[in-house]
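Secondary and tertiary structure notes
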Amino acid sequence: RHSCVGPNPWHKGEDKRDVVGDFACPLRSKRPMSLSKPHLLENMLEKANLPVVESSNDEYPLKLGKTKDFAFKALTLPIRTELQQLKKDNHYHHQDAGEAFEDVLKEGFMVKQREDGEMEV
């Protein structure tokens, strides 16, 4: 069974990337939206000679809880390592980041706070 998901030590191309048939799997990413570009996943499947059974495009709210601290931590999780390095180098100030997050909440554009207190993206 061949897959682009998970380590694949037996099927590597010359550039050490995983391959499925003649298709080179994309570089791995920690970014949650790395496959969000329209039709990217479908094109990858077709290049790997796999059928696309069904495709749908939807948006859904990402619930962040009711506390600002939890919502802030949830939203900054993908860049936590970078924030820790900035803090270590004395270039990250939690209070400034918190104030910026308050501004984002007040705008109501990216993060919305519902009447029940639940925040969502």
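Refer to the structure above for everything that follows.
Calculation notes
Residues numbered from 1 in each chain as written. Predicted model: local features only at pLDDT ≥ 70, side-chain atom pairs only at ≥ 80, totals over all residues. Heavy atoms only, no water. Salt bridge = Lys/Arg side-chain N within 4 Å of Asp/Glu carboxyl O. Buried < 20%, exposed > 50% of the residue type's maximum accessible area, 1.4 Å probe, protein only. Core = buried A, V, L, I, M, F, W, Y, C linked by side-chain atoms within 4.5 Å. Helix = DSSP H or I, 4+ residues; strand = E, 2+ residues; numbered from the N terminus. Contact = heavy atoms within 4.5 Å.

Below, the discussion takes up the pattern of salt bridges. Enumeration according to the criterion identifies 4 salt bridges in this entry. The shortest N-O distance in the salt bridge between arginine 114 and glutamate 120 comes to 3.3 Å. Given a relative accessible area of 33%, arginine 114 falls into the partly exposed group. Relative accessible area serves as the criterion here: at 17%, glutamate 120 is assigned to the buried category. Taken together, the salt bridges that share partners define one network made up of Arg114, Asp116 and Glu120.

By size, the foremost hydrophobic cluster in this structure holds 10 residues: Leu64, Ala71, Phe72, Leu83, Tyr92, Ala97, Phe101, Leu105, Val111 and Met119. Elements supplying a minimum of two residues to this core: α2 (68-76) and α4 (94-107). With 3 residues, the top contributor of residues to this core is α4. Excluding residues that lie within four positions of it along the chain, leucine 105 makes contacts with Lys68, Val111 and Met119.

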